Amino acid sequence: MAEHSDELTGPDLAQGIEISSVSPGQLVAGHAFGEPVLLVHVEPNWFAVGGKCTHYGAPLAEGILVGETIHCPWHHSCFELRNGAASRAPALNDLPSYTVVLESNIVRVTGKRDHSWPRGADNRPRGSRAPEKVLLDEHPVVGPSSVFIVGAGAAGIACAEMLRREAYRGPITLVSADPDAPYDRPNLSKDYLAGTAPEEWLPLHPKSFFDDQSIRILSGVEAQRLDTASKSLHLSDGSVHHYGVLLIATGASPIRLPIKGGERIQYLRTLADCRAIIGKIAAARTAVVIGASFIGLEVAASLATRGLEVHVVAPETLPLKRVLGSELGELVRAVHEQHGVRFHLGRRVDSIDGNAAILDDGTRLNADIVIAGIGVRPNLDLATSAGLLIDDGIAVNEFLETSAASVFAAGDVARWPDAYSDVRLRIEHWVVAERQGQVVARNMLGHRDRFDDIPFFWSAHYDKLSIQYCGHVEHWDETRIDGDVMKLDCAVSYIVGGKTRATATINRDRQNLQAEITMERDLLLKPPPPVTVQLPPVSNDAVR
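Each chain carries its own residue numbering, running from 1 in the written order of its sequence. At least 70 in pLDDT is required for a residue's local features to be given in this predicted model, at least 80 for side-chain atom pairs to be given and counted, and no such filter applies to totals for whole chains, interfaces and linings, which use all residues. For the side-chain quantities, the full set of heavy atoms in the structure was used; hydrogens and water were omitted.

### Describing the nonpolar core
(1) Moving on: We define a nonpolar core as any set of buried Ala, Val, Leu, Ile, Met, Phe, Trp, Tyr and Cys residues linked to one another through side-chain atoms lying within 4.5 Å. When a residue's accessible area, from a 1.4 Å probe over protein chains only, is under 20% of the maximum for its type it is buried; when over 50% it is exposed; and in between it is partly exposed. Within the largest apolar cluster, 110 residues are counted, with the highest numbers of intra-cluster contacts made by Leu 233 and Leu 328.
(2) Moving on: Throughout, a residue-residue contact means that at least one pair of heavy atoms, one from each residue, lies within 4.5 Å. Those residues in contact with Leu 233 that lie beyond four places of it in its chain are Phe 148, Val 150, Val 175, Ala 223, Arg 225, Leu 226, Ser 239, Val 240, His 241, Leu 246 and Leu 382.
(3) Moving on: Of all hydrophobic cores here, the second largest spans 17 residues; its members include Leu 38, Cys 53, Ile 70 and Phe 79.

### Remarks on the packing of aromatic side chains
(1) Moving on: Under the pairing criterion, centres of Phe, Tyr and Trp rings, with the six-membered ring standing for Trp, must be within 6.5 Å; the plane angle then separates stacked pairs below 30 degrees from edge-to-face pairs above 60, leaving the rest tilted. If you walk through the whole model with that rule in mind, you get 8 aromatic pairs.
(2) Moving on: On the numbers, 5.2 Å between centres and 90° between planes, the contact of Phe 209 with Phe 210 is edge-to-face. A single burial state applies to Phe 209 and to Phe 210, both of which are buried.
(3) Moving on: Judged by centre distance (4.9 Å) and plane angle (65°), the ring pair of Trp 476 and Tyr 494 falls under edge-to-face. With Trp 476 in the loop between strand E33 (465-471) and strand E34 (478-484) and Tyr 494 in strand E35 (residues 489-496), this pair connects stretches of sequence that are 18 residues apart. Put simply, DSSP marks the helices as runs of H or I at least four residues long and the strands as runs of E at least two long, and each gets a number from the N terminus on.

### Side note on the pattern of salt bridges
(1) Moving on: The salt bridge definition used is simple: a Lys or Arg side-chain nitrogen within 4 Å of an Asp or Glu carboxyl oxygen. One pass over the structure, following the stated rule, counts 31 salt bridges.
(2) Moving on: One salt bridge in this structure joins Arg 333 and Glu 330, with 2.9 Å as the shortest N-O distance. Taken as a pair, Arg 333 and Glu 330 lie in helix H7 (residues 326-338) at a separation of 3 residues, close to a single helical turn.
(3) Moving on: For Arg 415, the salt bridge is made with Asp 391, and the minimal N-O distance between the two is 3.2 Å. Highlighted residues: Arg 415 in strand E30 (residues 414-417) and Asp 391 in the loop between helix H8 (381-385) and strand E28 (394-395), separated in sequence by 24 residues.
(4) Moving on: A relative accessible area of 32% means that Asp 391 is categorised as partly exposed.
(5) Moving on: Each of the salt bridges in this network shares a partner with another, and the network as a whole consists of Asp 391, Asp 392, Arg 415, Arg 424, Arg 426 and Glu 428.

### A closer look at the sheet that holds strand E25 (residues 364-366)
(1) Moving on: If you trace the 3 strands from one edge of the open sheet to the other, you get E23-E24-E25, paired in antiparallel fashion. Because the sheet does not close on itself, it has two edges, and the strands there are strand E23 (349-352) and E25. Direction aside, neighbouring strands of the sheet carry axes that sit 30° apart on average.
(2) Moving on: Being paired, for any two strands, means DSSP has found at least two bridges between them. By the bridge criterion, 3 bridges tie E23 to strand E24 (residues 356-359) in an arrangement that is antiparallel. The residue bridging Ser 351 from the neighbouring strand is Ile 358, located in E24. Angles run from 0 to 180 degrees between N-to-C directions of axes, and those axes are lines fitted to C-alpha atoms, restricted for helices to the stretch in contact.

### Remarks on the sheet that holds strand E8 (residues 86-88)
(1) Moving on: Read across the open sheet, the 4 strands follow the order E5-E6-E7-E8; overall the sheet is antiparallel. Two strands in the sheet have a free side with no partner beyond their single neighbour: strand E5 (64-66) and E8. Across the sheet, the mean angle from the axis of one strand to that of its neighbour is 35°, orientation sign disregarded.
(2) Moving on: Bridge count between strand E7 (residues 78-80) and E8: 2 bridges; the pairing is antiparallel. Following the sheet pairing, Cys 78 is matched in E8 by Arg 88.
(3) Moving on: In the packing of helix H10 (residues 509-524) onto the sheet, contacts are made with E5, strand E6 (69-71) and E8, and the angle to E5 comes to roughly 20°.

### Concerning helix H5 (residues 294-305)
(1) Moving on: Between the first and last residue of a helix there are one fewer steps than residues, each counted as 1.5 Å, and that sum is the expected span. Here H5 is 12 residues long and its end C-alpha atoms lie 16 Å apart, about the 16 Å a rise of 1.5 Å per residue gives.
(2) Moving on: With 10 of its 12 residues buried, H5 lies for the most part within the structure.
(3) Moving on: All of the buried residues in H5 are Phe 294, Gly 296, Leu 297, Glu 298, Val 299, Ala 300, Ala 301, Ser 302, Leu 303 and Ala 304.
(4) Moving on: Two residues or fewer past H5, Gly 307 is found with a positive phi of approximately 95°.

Structure, rendered in structure tokens:
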């Protein structure tokens, strides 16, 4: 993922360019009225939308066009060219779109289009823009009587936002134990912890967004009991709420080390956790990171960027070898070592003694800060107590429905049948959670959309190493490498039974996006599998 610039480049599209200079399907990066603009000719139509992804600002001209949808090269968001709508996560905000006119042999952008909704617009096409303001209907004619979402993370927020895009006007309530949510959790271990991004960048939306969308957030409150028979949710503040449909998106919690002195270990999951770590950095010179997971290594990179002496302790022989293989594991270690990180592989932390971490071979490491990133466990207490079917997570079918009528699950807690790999998966990826939340929203409104997205995640280490990974495989027969690994320019395919099941790229963002699109096209050729979780009849209140 390259750094982006605010400098305007390319032709001034308000002045216009020659029609004959643009081929069908060509992505033209230009500008108009002081803003970056992407011009595209998809025969017989011309489109102009904002030129940068609303997620992290990627240049969309480097993306891939599929039909009338542009796919972002960095994190695989999708936008509709006809109206600029953000139709697939991780981007949740729409692009501006512009009017295009043809004059003789000149194509020109004349101004921004007005996408305000007409009042009472209840039936809207897929891929619609978000409304600017929602007039709440306490007793909706269309859709469930109310929606409750337990969890204000990736899945919960994406679900609530998509419900409004799909013209649902009934009450939506988010229940969040995290008083700071909703915010961009992936940034916590990356730029924010490294000190290169301000806290103002973290909120997924300003507070005014939720007011305008009539989305109520109950912050700092836990969901303690779910009664699926009476369709009631009991909260930690003593209140009881009845729902029409409900989404469990309770996420996961860090696995904690039960060792002597373990109370000194810090864990990074929430914004409060990150603030606590940052609060200790000014007085710290040394840090020990327990675990060479993605989050552990991102934390190590962030602390090294801040000038700390960083030690990483992990039981494996190479960082990320289990996920990425030996070749990329060697690369990851080399990049971190170039930035001063010291690895203690094949070792464990036995105890914390004052300002030192004691390893299982007796080595004593100075540690003003100790942070563990050794994995997470899904938060299943609410689902278990409600009697939902549990299978290393909440068992859901292709529609993300649980074993209880009118109850869905998404994100880190959901274990679903993956259409591409033909196995049941539970994956702790931010983008997967967001996309599941979007599918749940449509299914809450009566659609029967299968969740069949290709899993995707990214990881950034310093400004040097950008890892993109699409698909999913835990064991593979062979790997095929295109490019030079140690020059940080390669793509690795993970082959099972002669078929590519996953692709990891290093600093080849567009190639990873193409791999995802290829997997999606392969999936279109497969017959849909049968529904795997049989459910009781849907309540009459679920969809009116």
